[in-house]
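# Inside the fold
Residues per chain are reported as follows:
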Amino acid sequence: LLTVHDLSFVRVPDTASPSLKAYLDAVVPRSVAKANHVLADSQATKDDLIAFYKTPSDKVTVLLSGVNEQFKPVTDKTILQSVRDKYHIPDKPYIFSVGTVQPRKNYSRVIRSLANLRQSGLDMHYAIAGGKGWLEDEMYETIRETNMQDYVHLLGFVDDEDLPSLYSNSECLVITSLYEGFGLPILEAMACGVPVVTSNLSSLPEVAGDATLLVDPLDTEAITNSLHSLLTDVNLHNQLIEAGFQQVANFTWEKSAQHLKSIYDMLLNT
């Protein structure tokens with residue numbers, strides 16, 4: 001039983017390091033072909049397995065993820081301030097992203113959107129939680145080019161126990177990736193009572209449902225406009241929070257475990 005989280009190295013090859021892409025191009029299709037059955041994190045990943053590797057549809061099952069129970073709104077002001085201080089985030093409103101610093105995460109366009117928001121009069125900052133990946137120089141150049149050095153905060157890897165506070169402290173989550181196999185931060189943010197702006201590509205609409213603002217990740221103006229609407233329209237902000245609570249209730253580890261057990265049973269009895 002093989003799990004394939006995503007085929008980003010096929011879908012958006014320019015965003016992967018050449019050595020990693022070469023390795024995955026050799027190993028993944030061979031592993032998929034040899035496996036008795038394949039688990040995909042989303043329907044989008046299953047569709048990619050069928051499209052790129054001609055994998056039979058009945059050989060692939062979509063197994064959705066759940067959300068850890070630690071993700072819930074944090075309201076204790078002392079805890080919230082302590083986490084801000086720990087990661088040197090100023091006492092200013094900020095938008096938030098979670099994920100490795102790499103081109104696929106599309107951070108440069110969000111940074112340009114931040115610059116646009118600040119030019120429009122919104123005193124907004126941007127915090128990114130995630131370690132360094134590859135080809136991150138473009139993002140640093142964008143920060144310099146837009147003069148956002150004082151407003152973009154690269155937190156690096158953050159402790160798991162701090163994530164609920166980092167979500168809860170934020171104005172919204174921004175996940176405008178060029179490709180994702182699932183998009184767990186969307187659900188984590190929803191569980192913490194935080195609205196979300198995300199991409200209309202790959203698996204992200206599956207995770208988002210009708211509870212987020214979907215944007216074209218290649219359109220900086222669209223990202224800017226969606227963020228501006230969310231940050232200035234209190235009714236929209238609150239509607240998305242409520243919709244998010246309803247959407248995240250569909251994703252539990254209990255459901256995932258029961259589904260996985262049924263797949264084991266099927267394979268063992270075949």
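Before going into details, it helps to say that this report is about the structure given with it. Owing to the predicted nature of the structure, the values given are computational and were not obtained by experimental measurement. (Residues numbered from 1 in each chain as written. Predicted model: local features only at pLDDT ≥ 70, side-chain atom pairs only at ≥ 80, totals over all residues. Heavy atoms only, no water.)

## Here we look at the pairing of strand E8 (residues 196–199)
Taken together, the 3 bridges between strand E7 (residues 172–175) and E8 define a ladder with parallel strand orientation. Of the residues in E8, the one forming a bridge with leucine 173 is valine 196. As a crossover connection, the stretch from E7 through helix H8 (residues 184–191) into E8 is right-handed. The pairing of E8 with strand E9 (residues 213–215) spans 3 bridges and is classified as parallel. Note that in E9 the partner of valine 197 across the bridge is leucine 213. (Pairing = 2+ DSSP bridges. Helix = DSSP H or I, 4+ residues; strand = E, 2+ residues; numbered from the N terminus. Right-handed = clockwise from strand over helix to strand, strands pointing away.)

## Section: H8
Among the 8 residues that make up H8, 7 are buried, leaving the element largely enclosed by the rest of the structure. Listing the buried residues of H8 in full gives Pro185, Ile186, Leu187, Glu188, Ala189, Met190 and Ala191. Immediately beyond the C-terminal end of H8, within one or two residues, lies glycine 193, with a positive phi of roughly 75°. (Buried < 20%, exposed > 50% of the residue type's maximum accessible area, 1.4 Å probe, protein only.)

## Focus: the environment of threonine 176
In this structure, threonine 176 sits in the loop between E7 and H8. Residue class for threonine 176 comes out buried when judged on its relative accessible area of 1%. For the pair formed by threonine 176 and lysine 105, sequence separation is 71 residues and the distance between their alpha carbons is 6.7 Å.

## What about the sheet that holds strand E3 (residues 60–62)?
Strands sit in the order E1-E2-E3 across an open sheet of 3 strands; the sheet is parallel. The open sheet is flanked by strand E1 (2–4) and E3, the only strands paired with a single partner. Ignoring which end each strand starts from, the neighbouring axes of this sheet average 30° apart. When strand E2 (residues 38–40) meets E3, the two strands line up parallel, connected through 3 bridges. Pairing of valine 38 across the sheet is with valine 60, part of E3. (Axes fitted to C-alpha atoms, helices over the stretch in contact; angles between N-to-C directions.)

## Considerations on the packing of helix H5 (residues 107–119) against helix H10 (residues 220–232)
Interhelical geometry of H5 versus H10 gives an angle of 55° and a closest axis separation of 9 Å. With respect to H10, the axis of H5 lies oblique. In this structure, H5 crosses over H10, and the sense of that crossing is right-handed. Here Arg109, Arg112, Ser113, Asn116 and Leu117 of H5 come into contact with H10, specifically with Thr220, Ile223, Thr224, Leu227, His228 and Leu231. When the residues that make up the contact of H5 with H10 are grouped by side-chain class, the tally is 4 nonpolar, 5 polar and 2 charged. (Parallel < 35°, antiparallel > 145°, perpendicular 65-115°, else oblique. Left-handed = near helix turned anticlockwise from the far one by under 90°. Contact = heavy atoms within 4.5 Å. Nonpolar A, V, L, I, M, F, W, Y, C, P; charged D, E, K, R; others polar.)

## Topic: the side chain of threonine 45
Tracing the backbone shows threonine 45 in helix H3 (residues 43–53). Judged by its relative accessible area of 0%, threonine 45 falls in the buried class.

## With respect to the packing of aromatic side chains
Under the counting rule described, the total for this entry stands at 4 aromatic pairs. Arranged with centres 5.4 Å apart and planes meeting at 80°, the rings of phenylalanine 96 and tyrosine 167 form a pair that is edge-to-face. Of this pair, phenylalanine 96 sits in strand E4 (residues 94–98) while tyrosine 167 sits in helix H7 (residues 163–169), and the two are 71 residues apart along the sequence. No difference in accessibility class separates phenylalanine 96 from tyrosine 167, as the two residues are buried. (Phe/Tyr/Trp six-rings, centres within 6.5 Å; stacked < 30°, edge-to-face > 60°.)

## Details of the packing of H10 against helix H11 (residues 234–248)
Look at H10 against H11: their axes get within 5 Å of each other, and the N-to-C directions meet at 95°. Classed by the angle they form, the pair H10 and H11 counts as roughly perpendicular. Note on element contacts: H11 touches H10 through Val234, Leu236, His237 and Leu240, opposite Ser229, Leu230 and Thr232. In terms of residue class, the contact of H10 with H11 is made up of 4 nonpolar, 3 polar and no charged.

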